[in-house]
Amino acid sequence: MPARDELPSTLKRSSKKAQKTFLETHDSAVQTYGEGERAHRTAFAAVKHSFEKVGDHWEPKDRRGPSDAQAARSAPASRRSSGRTRAGVDANASKEHLYTVAKRLDVRGRSRMSKGELVAAIEKANAQTTRKARRG
């Protein structure tokens, strides 16, 4: 099990529950698949089921469940290489919810965006915020 100081930086800035979800799932996945990328992806999938990335951290979702079409597929993670994840953005959330998140992230032009454009803009804003947070 990775030590708390080895948590991904976005999870270090998240709630204890998000951290616990990642750590416990990672530990279980290591026992099943061994240490490596698959265990890490499995742990993040569990986080994405209950949390969404907002800026540089993870926040609880209003409803648990897959965050995007990629996560909703029933194929094991190792066979899901086709398709694109939404980088922690809850693409299945309502447009109103996405608009609220975009507003919190100060996404410009959000009032004229479609749901898909909001998801993409939030992804971009999250990446920028995370990069800034990692730099200090």
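## Concerning the overall build of the chain
Looking only at helices and strands, the chain has six helices and two strands in total. Counting the 136 residues in the chain, one finds 41% classified as buried. Within the chain, contacts between residues separated by at least 24 positions form 46% of all contacts whose residues are at least 6 apart in sequence. Carbon and sulfur atoms make up 47% of the accessible area of the chain, which amounts to about 8100 Å² in all.

## Concerning helix 3 (residues 37-50)
Taking 1.5 Å as the rise per residue, helix 3 with 14 residues should run 20 Å; its terminal C-alpha atoms sit 21 Å apart, in good agreement. Every buried residue of helix 3 is listed here: A39, A43, F44, V47, K48 and S50. Packed against the buried residues of helix 3 are helix 1 (9-12), helix 2 (16-33), strand 1 (51-54) and strand 2 (57-60).

## Side note on the side chain of K53
In this structure, K53 sits in strand 1. Buried and unpaired, K53 has D56 as its nearest opposite-charge partner, separated by 8.1 Å. A distance of 2.8 Å separates a polar atom in the side chain of K53 from a polar atom in the side chain of T130.

## Describing the confidence of the model for the chain
In the predicted model, the chain carries a mean pLDDT of 85, and the fraction of residues at 70 or more is 82%. When the criterion is pLDDT under 50, residues 77-82 qualifies, and its contacts beyond four places in sequence or with other chains add up to nine contacts.

## Things to note about the packing of helix 2 against helix 3
Running from N to C, helix 2 and helix 3 cross one another at 145 degrees; their axes reach a closest spacing of 8 Å. Classified by chirality, the crossing of helix 3 by helix 2 is right-handed. Mapping the contact onto sequence places A18, T21, F22, T25, H26, A29, V30 and Y33 in helix 2 and R38, A39, H40, T42, A43, F44, A46 and V47 in helix 3. Here the residues of the contact of helix 2 with helix 3 sort into 10 nonpolar, five polar and one charged.

Calculation criteria
- Throughout, residues of each chain are indexed from 1 in the direction in which the sequence is written.
- Whole-chain, interface and lining totals are the exception, using all residues; otherwise, since this is a predicted model, local features are given only for residues with pLDDT of at least 70 and side-chain atom pairs are given and counted only at 80 or more.
- Values reported for side chains reflect all heavy atoms of the structure, with hydrogen atoms and water molecules removed beforehand.
- For the purposes of this entry, the term helix denotes a DSSP run of H or I that reaches at least four residues, the term strand denotes a run of E that reaches at least two, and both are numbered from the N terminus.
- Working definition: with a 1.4 Å probe on protein chains only, accessible area under 20% of the residue-type maximum means buried, over 50% means exposed, and in between means partly exposed.
- Here, two residues are considered to be in contact whenever any of their heavy atoms come within 4.5 Å of each other.
- With residues, only the protein chains shown are counted as cover, and all accessible areas are computed by Shrake-Rupley using a 1.4 Å probe.
- A helix is expected to span 1.5 Å multiplied by its residue count minus one.
- Counted as positive: Lys and Arg. Counted as negative: Asp and Glu, with His and the chain ends omitted from the count.
- Throughout this description, the term salt bridge denotes a Lys or Arg side-chain nitrogen within 4 Å of a carboxyl oxygen of Asp or Glu.
- Counted as a polar contact is a pair of N or O atoms within 3.5 Å, where, for protein atoms, one must be capable of donating a hydrogen and the other of accepting one, and residues adjacent in sequence contribute only when both atoms are in side chains.
- Residue-level confidence of the predictor, termed pLDDT, takes values from 0 up to 100.
- Every angle, taken between N-to-C directions, lies between 0 and 180 degrees, and every axis is a line fitted to C-alpha atoms, over only the stretch in contact when it is a helix.
- A clockwise turn of the near helix away from the far one marks a right-handed crossing, whereas an anticlockwise turn of less than a right angle marks a left-handed crossing.
- Each residue is assigned to one class: nonpolar for Ala, Val, Leu, Ile, Met, Phe, Trp, Tyr, Cys and Pro, charged for Asp, Glu, Lys and Arg, and polar for all the others, Gly among them.

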